[in-house]
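Here is how the chains run, residue by residue.
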Amino acid sequence: MPPKTKMNSEERIEKIISLMRSDDSVDAPQDAIIWARNLSRASLARQNVSPLRRLVAVLRADLLPNRPAFGERSAGSAAARQLLFEAGDIAIDVRVTSSGSDLTIRGQLLGEGCEDAELRLVSPAASYSTSADDLGEFVFEAVPNGSYSIEVVAGDAVITTDEIQF
Amino acid sequence: MKTEPELLGAAPDIFPASAVADSDVELVRACRRGDEDAWARLVDRYQRLVFAIPRRAGLNDEQAQDVFQDVFLILFEKIHDLEQPDRLRSWLVTTAKFKTWGLIRGRRNLHSAATEEEMELEMTNLQDSAPLADDALIELEQQHLIRAALGELGEPCSEILTMIYLRDPAASYAEVAASIGVGATSISPMRARCLKKLEKILGR
């Protein structure tokens, strides 16, 4: 292989211009970036980080307001849209109510290791965080109408739903 | 094992990248201390490069996103085990290449080799690694370093060079002048000075 000759300044600048002009890269999808940033919620300070299970939650049920849900009796709850996601041995039960201008998204994580889980509600423009209590219940309040995916970090699992128009 | 100048290929003296490497070392150390902001900065710094590699290899956006998530998940898991934090960029490129190759070969669950050397060895055993040829990866790395350097340029240089060279179609001098509030005849000499500044940053 012939020895590489050192470029002069003009040649380097031409090379830089050429690289800029041929740069067709784009940013990764915003939800992927947010997902990656959120990995730090599992403690980075631990010396031995157990491998995370990455799960995609599948939408199993989507009931519009005023339709009775499974075993649902409360008139108040019947006004909520109800969604059920499943990811392996974990389920995410979500109830969405709208005040017109914004949403309240309540729910419960069902499955082992869900108490004290961290949740994020993610859209391309913004994200909102909350934590589940010791019963796995959570709430996002005053959320603007829009499309969101739900991300859950529970134990050794990172669970993501598809984006849903709320 | 390839050294950094060899990995930079045809023009190693354009991008010594030592300043970037030093900055990566600090970021990795902060991540190891549990600094969540540092991790977010690390993701933001490299997200475009990591996403670009599977796309350049011809994968669609959904597949590229799979590679992207795999790479950052592995980095997250191995952040304490990186032996050479100053070679973080190289590690990310190699890991993305490895995962991309696995996807192309239909072996999505390919176990990641523990070190860069093991991944490189496995990939050299491929009959066809053309979608991920070294030249293509070198170009992507150099473009990444240019974008990072543009971020250090400050205004109006960053705006001038982005509008002229990174937009498609490229902005005219009149558009650039209107954007930064100067006369159109000023753009050409400003452009030249900004390119010199960019060259200097990349040469550190």
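Calculation notes
Residues numbered from 1 in each chain as written. Chains lettered and ligands numbered in written order. Predicted model: local features only at pLDDT ≥ 70, side-chain atom pairs only at ≥ 80, totals over all residues. Heavy atoms only, no water. Disulfide = S-S within 2.5 Å. Helix = DSSP H or I, 4+ residues; strand = E, 2+ residues; numbered from the N terminus. Buried < 20%, exposed > 50% of the residue type's maximum accessible area, 1.4 Å probe, protein only. Contact = heavy atoms within 4.5 Å. Phe/Tyr/Trp six-rings, centres within 6.5 Å; stacked < 30°, edge-to-face > 60°. pLDDT = per-residue confidence, 0-100.

A. Quick look at the state of the cysteines. All names here are of chain B. In this structure the tally under the stated criterion is 1 disulfide over all chains. Across the disulfide, Cys-157 is cross-linked to Cys-194 (sulfur-sulfur distance 2.0 Å). Between Cys-157 and Cys-194, the S-S torsion sits near -80°, and that sign places the bridge as left-handed. With Cys-157 in helix 8 (residues 157–166) and Cys-194 in helix 10 (residues 187–202), this residue pair connects regions lying 37 residues apart in the sequence. For Cys-157, a relative accessible area of 8% translates into the label buried.

B. Just the environment of Phe-140 of chain A, in detail. Residues and elements named next belong to chain A. Following the sequence through the fold, Phe-140 ends up in strand 7 (residues 137–144). Once the C-alpha coordinates of Phe-140 and Tyr-128 are considered, the two residues, 12 residues apart in sequence, prove to be 7.5 Å apart. Excluding its chain neighbours within four sequence positions, the residues that come into contact with Phe-140 are Leu-103, Thr-104, Ile-105, Leu-119, Arg-120, Leu-121, Tyr-128, Ser-129 and Thr-130.

C. Examining unusual backbone geometry more closely. Cis geometry is adopted by the peptide bond preceding Pro-156 of chain B, which originates at Glu-155 of chain B and carries an omega value of 5°. Within the secondary structure layout, Pro-156 of chain B lies in the loop between helix 7 (134–153) and helix 8. Asp-168 of chain B connects to Pro-169 of chain B through a cis peptide bond whose omega is 0°. With respect to the helices, strands and loops of the structure, Pro-169 of chain B is situated in the loop between helix 8 and helix 9 (173–180). Unusually for a residue other than glycine, Ala-142 of chain A sits at a positive phi of about 55°.

D. Broad picture of the packing of aromatic side chains. Here the structure, examined in full by the defined rule, presents 8 aromatic pairs over all chains. When the centroid spacing of 6.1 Å and the interplanar angle of 70° are considered together, the rings of Phe-138 of chain A and Phe-140 of chain A count as edge-to-face. There is no split in this pair, since Phe-138 of chain A and Phe-140 of chain A are both buried. An angle of 25° between the planes, with centres 6.2 Å apart, marks the rings of Tyr-148 of chain A and Phe-166 of chain A as stacked. Highlighted residues: Tyr-148 of chain A in strand 8 (residues 147–154) and Phe-166 of chain A in the segment after strand 10 (164–165), separated in sequence by 18 residues. Of the two residues, Tyr-148 of chain A and Phe-166 of chain A, neither departs from the other in class, the shared state being buried. Three or more aromatic residues joined by ring pairs make a cluster, and in this case those are Trp-39, Phe-51, Phe-68, Phe-72 and Phe-76 of chain B.

E. Structural view of the confidence of the model for chain B. Residues and elements named next belong to chain B. For chain B, per-residue confidence averages 82 on the pLDDT scale, and 78% of positions sit at 70 or higher. Looking across chain B, the model is least confident in helix 1 (residues 4–7), with a mean pLDDT of 34, and most confident in helix 8, with 95. Confidence over residues 1–13 falls short of pLDDT 50; this stretch has 25 contacts with residues more than four positions distant or in other chains. Prediction confidence for the complex, expressed as pTM and ipTM, is 0.61 and 0.81 respectively.

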